[in-house]
Amino acid sequence: MALTLAQLAAELDARLFGDGDTRISGLGSLKSAGPGELTFLANPRYRAYLEQTRAGAVLCTPDQAANCPVPALAVDDPYLAFARLSRHFDPAPVAPPGIHPTALIASSAQIDASASIAAHVVIEDGARVGAGAVVMANVFVGARAVVGDGVRLWPGVVLYHDVRLGERVNVHANTVIGSDGFGFAPSKEGWVKIAQVGSVSIGADTEIGACCTIDRGAIEDTRIGKGVIIDNQVHIAHNVVIGDHTALAGKVGIAGSTRIGSRCLLGGAVGVAGHLEIADDVQVLGMSLVSGSIKKPGTYASGTLLDEQTRWRKNTVRTRQLDELFRRVRDLEKDRDADRDTK
Amino acid sequence: MALTLAQLAAELDARLFGDGDTRISGLGSLKSAGPGELTFLANPRYRAYLEQTRAGAVLCTPDQAANCPVPALAVDDPYLAFARLSRHFDPAPVAPPGIHPTALIASSAQIDASASIAAHVVIEDGARVGAGAVVMANVFVGARAVVGDGVRLWPGVVLYHDVRLGERVNVHANTVIGSDGFGFAPSKEGWVKIAQVGSVSIGADTEIGACCTIDRGAIEDTRIGKGVIIDNQVHIAHNVVIGDHTALAGKVGIAGSTRIGSRCLLGGAVGVAGHLEIADDVQVLGMSLVSGSIKKPGTYASGTLLDEQTRWRKNTVRTRQLDELFRRVRDLEKDRDADRDTK
Amino acid sequence: MALTLAQLAAELDARLFGDGDTRISGLGSLKSAGPGELTFLANPRYRAYLEQTRAGAVLCTPDQAANCPVPALAVDDPYLAFARLSRHFDPAPVAPPGIHPTALIASSAQIDASASIAAHVVIEDGARVGAGAVVMANVFVGARAVVGDGVRLWPGVVLYHDVRLGERVNVHANTVIGSDGFGFAPSKEGWVKIAQVGSVSIGADTEIGACCTIDRGAIEDTRIGKGVIIDNQVHIAHNVVIGDHTALAGKVGIAGSTRIGSRCLLGGAVGVAGHLEIADDVQVLGMSLVSGSIKKPGTYASGTLLDEQTRWRKNTVRTRQLDELFRRVRDLEKDRDADRDTK
């Protein structure tokens with residue numbers, strides 16, 4: 001894959017500095033990119049590298065473009081421009097349309113002629129796969145599931161019955177969508193399972209990482225919005241609702257029936273308890289526990305600070321005596337105040 | 001699937017209010033259920049919704065049944081009754097008995113004639129699959145593994161060699177049971193792997209979520225009891241023992257050789273260190289770290305409280321000075337006491 | 001599989017006490033091993049069990065061998081010796097060389113004649129599989145991926161395009177290597193995906209547990225060293241670099257571009273933030289959050305202590321008032337000091 005700098009400039013509506021015939025066939029970092037590779041300068045801290053770059057071309061702001069020793073494309077947001085162009089250089093193989101002879105498609109399933117269905121895929125009764133969708137090897141698409149146009153399912157993805165994916169949803173390998181929510185009623189004889197009769201719906205342009213789990217709803221559906229980005233090993237329990245453009249970093253876990261707003265950012269391994277409401281535009285730092293609803297946009301945290309082990313132990317055992325310490329300080333204050341009064 | 005209210009009343013031994021011929025074909029919530037749908041009122045807080053329900057029928061306590069505007073089934077525990085009936089309305093497709101032609105079954109494996117073996121399943125030498133078991137697409141059953149009667153393995157489940165599942169165990173998609181425990185001896189040249197010669201045994205009626213991992217024992221077996229319920233992405237290390245009817249919420253991790261009692265409840269993302277003993281009837285709140293044995297039933301926690309980021313930072317840095325603060329308070333107390341003595 | 005004690009002694013260069021013709025066909029613990037089983041005594045606390053052991057033979061130190069009631073092999077490090085011998089008794093089935101007829105191998109892929117390719121495996125264009133490699137059922141090997149000599153891929157493993165595994169790497173079931181890193185640029189219309197054009201390289205003799213995820217690099221590669229040991233459900237983000245012989249316990253998560261040294265030990269569920277540097281020989285206790293670089297070898301922690309719920313709550317709410325408490329103590333100290341000055 002090679003494109004000229006003029007073509008890339010046109011796509012971005014960027015101002016071109018240097019030879020528009022320069023051919024770009026890959027991406028690189030400012031430090032390591034070689035001829036034929038496109039790079040970018042977004043963080044001013046790295047400006048020094050610009051002078052030494054050997055890249056084929058650089059995406060940068062107009063004022064930086066003047067100092068660039070190689071051809072440049074001047075844009076307002078070089079990082080965003082890099083993102084937009086990066087798809088041209090994605091090394092992921094393009095899947096050919098058509099159904100591999102080893103794929104097993106139920107006769108009542110509807111597969112668009114432009115979809116690509118790879119080896120050993122199983123598609124069950126009444127499922128639908130849209131135009132241009134790519135269903136890679138060993139994927140399972142359950143009964144009545146809907147795979148929207150342009151969806152990509154990487155190898156080993158499992159969609160349970162009735163799951164619905166909007167257009168261009170991208171699901172990485174071995175992720176499971178639509179498994180039973182964790183619903184059991186206690187009885188004298190033990191737990192009695194509650195059939196999970198809801199499903200999962202996922203909005204357009206949402207990306208889901210590898211080895212994630214998104215459970216089907218107990219009665220109503222679990223619902224993920226549009227343009228949501230979800231990293232690897234995220235767990236979303238039954239009846240969770242997630243607003244558009246929210247980002248969940250790796251290993252986030254969200255318990256049942258919690259509603260998360262739009263444009264939220266949950267850091268790595270954040271845990272959110274069940275039946276909560278999180279407002280729009282909330283950010284939570286990594287490894288925090290959200291155990292109550294959050295009504296106001298803002299940034300929140302509950303994580304702990306790392307320390308050298310012996311100091312950590314000394315301080316941490318004290319947390320068990322903290323309430324007592326508050327009482328002792330209260331006593332000291334009372335005594336001081338009484339002392340003053342007697343003076 | 002449709003059943004009459006009279007049939008459901010008979011199954012529960014419930015008192016029927018209203019027309020026993022009412023046909024029920026699905027489940028709904030008290031607020032959203034429509035005609036033909038069964039719902040329940042368990043939490044008295046939702047009593048107001050009862051008056052407005054448009055459900056086909058409601059499971060509720062006898063005193064509530066009198067106020068119910070639609071047919072009702074009166075029971076002592078409406079939530080449990082709902083759980084018991086819910087299986088009739090489970091949308092999961094029923095799997096036909098028989099072996100799919102693309103499944104590969106070792107000649108020494110024994111498959112009950114009533115079992116359902118789906119496409120692309122691989123069953124290795126000496127494995128056994130019991131009556132009514134459902135082995136879905138792309139499942140791998142290792143050599144000598146035992147799949148009990150009525151077990152269900154969802155797509156992509158991997159059972160390593162020698163793993164044994166009791167009757168009616170339900171394992172969700174892409175879960176791995178019997179992978180090697182994390183056992184290595186340090187040497188001057190690096191880690192030397194210790195072959196994990198134990199296996200995993202899982203008791204009857206246990207449910208295991210999606211993308212879980214349960215490791216085989218180093219020498220003896222990892223053992224999960226009966227009626228245990230395990231949510232998604234739970235990790236159970238080698239030689240762990242878990243008692244009957246214990247519940248593990250999503251993302252729980254249990255390190256090697258720890259023994260957990262019966263009827264315990266571990267909240268989401270709880271971590272339990274290795275070589276511990278946890279008594280029966282212990283509850284641990286979400287995201288807690290259990291680093292010592294727990295001898296007494298009760299509820300335990302170690303989680304942290306969320307706060308707005310700037311307040312959180314101000315308070316959290318103080319935890320590194322906590323032991324010093326205790327000493328400062330001790331000094332203040334000594335000075336106060338010395339002051340008093342001199343008066 | 002049975003070996004004589006004399007054979008095992010020769011392999012270890014150990015001193016043999018007792019009958020060298022004793023046949024060993026399995027492994028056991030000191031307490032439970034029976035005739036024909038080999039066990040070991042490493043921890044002096046268990047010495048009492050030695051006198052009662054019914055094992056076929058015991059690995060122990062020379063001074064203990066004298067007291068051993070059964071044949072013994074005297075070695076300096078019995079645990080390491082046990083690890084070295086354990087592979088002889090591994091119950092994992094041996095895979096026959098050759099390609100299963102249901103495997104789908106691209107014509108441009110190169111498979112060594114001594115490799116074992118199991119049922120339903122898919123190997124894409126330009127991939128290479130080395131001598132003695134074992135690729136188990138339902139594995140996916142993406143385009144141009146390199147599977148080194150002696151590698152074992154357990155069922156359901158997914159290697160994306162261009163991933164490279166060194167010799168003897170062992171990857172447990174349903175692990176995903178090479179999925180897209182979590183890279184998106186914000187725009188007014190939402191997140192714009194950045195194609196992840198780097199890959200993953202993994203050094204020789206590294207072991208990776210089940211249901212792990214290791215993301216491909218954004219531009220350059222994610223790199224795991226040699227002899228690294230990684231437990232289940234570990235997540236390694238794009239462009240992470242991990243040094244040789246480091247050990248990552250279950251559920252560890254490492255955010256993007258962080259570099260971890262050699263011979264580190266990260267406990268279970270440790271989280272490491274992005275763009276950090278962790279020195280060689282660093283140990284971090286379980287469930288700690290590493291949010292800054294660590295420059296010095298040593299042991300670190302940030303975990304919290306478990307307590308009975310009511311005491312925990314009383315103490316934990318106080319952490320939100322901790323900074324204020326420090327000010328109150330400072331005030332008390334000032335008042336005391338002022339008092340003293342006036343005396």
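Per-chain numbering applies: the sequence of each chain, read as written, is numbered from 1 onward. Here chains are named by letter from A upward and ligands by number from 1 upward, in the order in which they appear as written. Local features in this predicted model are restricted to residues whose pLDDT is 70 or higher, and side-chain atom pairs enter the listing and the counts only when it is 80 or higher, whereas totals over whole chains, interfaces and linings include all residues. Excluding hydrogens and water, the side-chain values take into account all heavy atoms of the structure.

1. A closer look at the overall build of chain A
Every helix listed is a DSSP run of H or I at least four residues long, and every strand listed is a run of E at least two residues long, numbered separately from the N terminus. Helices and strands together make up the secondary structure of chain A, namely 6 helices and 40 strands. For this measure, only C-alpha atoms enter the radius of gyration; the expected value for a globule follows 2.2 Å times N^0.38, where N is the number of residues. The C-alpha radius of gyration of chain A comes to 27 Å, more than 25% above the 20 Å expected for a compact globule of 343 residues. In terms of overall dimensions, chain A has C-alpha extents of about 90 × 65 × 35 Å along its principal axes. When accessible area is computed with a 1.4 Å probe and restricted to protein chains, residues below 20% of their type maximum are described as buried, those above 50% as exposed, and intermediate ones as partly exposed. Each of the 343 residues in chain A was classed as buried or not, and the buried ones make up 60%. Contacts in chain A between residues far apart in sequence, at least 24 positions, make up 18% of those at least 6 positions apart. Shrake-Rupley sampling with a 1.4 Å probe provides the accessible areas, and residues are treated as covered by the protein chains on show and by no other component. Within the structure as shown, chain A displays about 13,300 Å² of accessible surface, and the carbon and sulfur contribution to it stands at 50%. Two residues form a contact once any of their heavy atoms are found within 4.5 Å.

2. Observations regarding the packing of aromatic side chains
Ring pairs shown here join Phe, Tyr and Trp side chains whose ring centres sit within 6.5 Å, with only the six-membered ring taken for Trp; geometry is labelled stacked below 30 degrees between planes, edge-to-face above 60, and tilted in between. In this structure the tally under the stated criterion is 15 aromatic pairs over all chains. A centroid spacing of 4.5 Å and a plane angle of 40 degrees characterise the contact between F40 of chain A and F82 of chain A, whose relative ring orientation is tilted. Taken together, the residues span a long stretch of sequence, with F40 of chain A in strand β5 (residues 37-40) and F82 of chain A in helix α4 (residues 78-86) at a distance of 42 residues. This pair shows no difference in class: F40 of chain A is buried, exactly as F82 of chain A is. Ring geometry for Y46 of chain B and Y49 of chain B: centres 5.9 Å apart, planes at 35 degrees, overall tilted. Members of the aromatic cluster, connected to one another through ring pairs, are F40, Y79 and F82 of chain A.

3. Considerations on the relation of the copies chain A and chain B
If you rotate chain A by 120 degrees and push it 0.0 Å along the axis, it lands on chain B with an RMSD of 0.0 Å. Taken together, the rotation angle and the small translation identify this as a three-fold axis. Superposing the copies works by least squares over the C-alpha atoms of residues that have pLDDT at least 70 in both of them.

4. A word on the pattern of salt bridges
The term salt bridge refers to a side-chain nitrogen of Lys or Arg lying within 4 Å of a carboxyl oxygen of Asp or Glu. For the coordinates displayed, the defined rule picks out 60 salt bridges over all chains. Residues R328 of chain A and E333 of chain B are paired through a salt bridge, measuring 2.8 Å at the closest nitrogen-oxygen approach. Remark: E333 of chain B occurs in helix α6 (residues 322-342) and R328 of chain A occurs in helix α6 (residues 322-342); the pair is interchain, linking two chains. By relative accessible area, which is 18% here, R328 of chain A ends up buried.

5. Quick word on the interface of chain A and chain B
Counting residues at the interface gives 77 residues for chain A, matched by 75 residues for chain B. Taken together, both faces of the contact between chain A and chain B bury some 5,900 Å²; the carbon and sulfur share is 64%. Summed over the three residues of chain A that lose the most area to chain B, namely F182, W191 and L305 of chain A, the buried surface amounts to 11% of that side. Between the two partners, chain A and chain B, sit 6 salt bridges. Between E189 of chain A and R84 of chain B there is a salt bridge, with its nearest N and O atoms 3.6 Å apart. What qualifies as a polar contact is a pair of N or O atoms within 3.5 Å, subject to a donor-acceptor requirement within protein and to the restriction that residues adjacent in sequence count only when both atoms come from side chains. At the junction of chain A with chain B, the criterion picks out 31 residue pairs in polar contact (both at pLDDT 80 or more). Within the residue set of the side of chain A that touches chain B, elements represented by two or more residues are β21 (176-179), β22 (184-187), β23 (190-193), β26 (213-215), β38 (289-290), β39 (298-301), α5 (309-318) and α6 of chain A. The greatest single-element share of the side of chain A that touches chain B, amounting to 8 residues, is contributed by α6 of chain A. Residue polarity is assigned by list, with Asp, Glu, Lys and Arg as charged and Ala, Val, Leu, Ile, Met, Phe, Trp, Tyr, Cys and Pro as nonpolar; anything else, Gly included, falls into the polar class. Here the side of chain A that touches chain B is composed, by residue class, of 37 nonpolar, 24 polar and 16 charged. The term buried area denotes the loss of accessible surface (1.4 Å probe radius) that occurs when two parts are joined, taken as the sum for both partners.

6. What to know about α5 of chain A
An α-helical segment advances 3.6 residues per turn. Residues three or four places apart therefore align on the same side. Residues of α5 of chain A that are buried include every one of Q309, W312, N315 and T316 of chain A, and no others. Burial along α5 of chain A is one-sided: seen end-on, the buried residues are contained in an arc of 135 degrees. What the arc measures is the spread of directions leading from the helix axis to the C-beta atoms.

7. Overview of the sheet that holds strand β7 (residues 72-74) of chain A
Residue and element names in this part refer to chain A. Whether two strands pair depends on DSSP finding at least two bridges between them. Spatial ordering of the open sheet is given by β2-β7-β6-β5-β4, a layout of 5 strands whose pairing is mixed. Two strands lie at the open edges of the sheet, namely β2 (15-17) and β4 (26-27), each paired on one side alone. Pairing between β2 and β7: 3 bridges, direction antiparallel. From the neighbouring strand, F17 faces β7, where its bridge partner is A72.

8. Some details on the interface of chain C and chain A
Facing 78 residues of chain C, the contacting portion of chain A comprises 75 residues. Counting the surface lost from both chain C and chain A, the interface buries some 6,000 Å², and carbon and sulfur atoms represent 64% of this. Of all residues in chain C, F182, W191 and L305 of chain C give up the largest surface area on contact with chain A, accounting jointly for 11% of the area buried on that side. Run the count over chain C and chain A and you get 6 salt bridges. For the pair chain C and chain A, the number of links is 32 residue pairs in polar contact (both at pLDDT 80 or more). Elements that contribute at least two residues to the side of chain C that touches chain A include exactly β21 (176-179), β22 (184-187), β23 (190-193), β26 (213-215), β38 (289-290), β39 (298-301), α5 (309-318) and α6 (322-342) of chain C. The element contributing the most residues to the side of chain C that touches chain A is α6 of chain C, with 8 residues.

9. Brief notes about the sheet that holds strand β32 (residues 253-254) of chain C
Residue and element names in this part refer to chain C. Reading across the sheet, the 10 strands line up as β9-β12-β15-β18-β21-β26-β29-β32-β35-β38 and stay open at both edges, with parallel pairing between neighbours. In this open sheet, the two strands that pair with only one neighbour each are β9 (104-105) and β38. As paired strands, β32 and strand β35 (residues 271-272) are joined by 2 bridges and run parallel to one another. Its bridge partner lying in β35, I254 is registered against V272.

10. Thoughts on the pairing of strand β22 (residues 184-187) of chain B
Residue and element names in this part refer to chain B. When β22 meets strand β23 (residues 190-193), the two strands line up antiparallel, connected through 4 bridges. Of the residues in β23, the one forming a bridge with S187 is G190. The antiparallel hairpin formed by β22 and β23 contains 2 residues in its connecting segment.

11. Focus on the environment of H161 of chain B
For H161 of chain B, the position within the fold is in the loop between β18 (158-159) and β19 (164-165). Given the relative accessible area of 3%, H161 of chain B is considered buried. For the pair H161 of chain B and A127 of chain B, spaced 34 residues apart in the sequence, the C-alpha separation amounts to 8.3 Å. When neighbours within four sequence positions are excluded, H161 of chain B is seen to be in contact with G142, A143, R144, S199 and R216 of chain B together with P91, A92, P93 and W154 of chain C.

12. Considerations on unusual backbone geometry
Residues and elements named next belong to chain B. If you check the backbone angles, S257 has positive phi at about 70 degrees while not being a glycine. Mapped onto the elements of the fold, S257 is located in the loop between β32 (253-254) and β33 (259-260). Given the relative accessible area of 26%, S257 is considered partly exposed. The phi dihedral of R263 is positive, around 55 degrees, even though this residue is not glycine. For R263, the position within the fold is in the loop between β33 and β34 (265-266).

13. A word on the side chain of H172 of chain C
Mapped onto the secondary structure, H172 of chain C falls in the loop between β20 (170-171) and β21. Ignoring anything within four residues of it in the chain, the contact list for H172 of chain C reads Y160, S179, D180 and K193 of chain B together with W154, V157, E207, I208, G209 and A210 of chain C.

14. Comments concerning the packing of α6 of chain A against α6 of chain C
Fitted lines through C-alpha atoms give the axes, limited to the stretch in contact for helices. The angle between two N-to-C directions lies from 0 to 180 degrees. The contact between α6 of chain A and α6 of chain C brings their axes to 11 Å, and the two run at 35 degrees. The two elements α6 of chain A and α6 of chain C cross, and the hand of that crossing is left-handed. When α6 of chain A is examined against α6 of chain C, the residues L322, L325, F326, V329, R330, L332, E333, R336, D339 and R340 of chain A are found in contact with a partner set consisting of L322, L325, R328, V329, D331, L332, D335 and D339 of chain C. Looking at the contact of α6 of chain A with α6 of chain C residue by residue, the classes come out as 9 nonpolar, no polar and 9 charged. Definitions for this section: a left-handed crossing has its near helix turned counterclockwise from the far helix by less than a right angle. A right-handed crossing has that turn clockwise.

15. Quick look at the packing of helix α5 (residues 309-318) of chain B against α6 of chain C
Running from N to C, α5 of chain B and α6 of chain C cross one another at 60 degrees; their axes reach a closest spacing of 7 Å. With respect to each other, α5 of chain B and α6 of chain C are oriented oblique. The residues of α6 of chain C that touch α5 of chain B, namely those facing K314, N315 and R318 of chain B, are L322, D323, E324 and F326 of chain C. Here is the rule for angles: anything less than 35 degrees is roughly parallel, anything more than 145 is roughly antiparallel, 65 through 115 is roughly perpendicular, and the remaining ranges are oblique.

16. Notes on the confidence of the model for chain A
Per-residue confidence from the predictor is reported as pLDDT, a score between 0 and 100. Averaged over all residues, the pLDDT of chain A equals 96, while 100% of them reach at least 70. Across the interface, the model reports ipTM at 0.97; the global pTM reads 0.97.

17. Considerations on the side chain of N239 of chain C
Relative to the helices and strands, N239 of chain C is located in the loop between β29 (235-236) and β30 (241-242). Here E220 of chain C takes part through its backbone oxygen, which lies 3.0 Å from a polar atom of the side chain of N239 of chain C.

18. Quick look at the environment of L159 of chain A
Residue and element names in this part refer to chain A. Looking at where L159 falls in the secondary structure, it is placed in strand β18 (residues 158-159). For L159, a relative accessible area of 0% puts it in the buried group. As for L159 and I214, which are separated by 55 residues in sequence, their C-alpha atoms are 9.8 Å apart.

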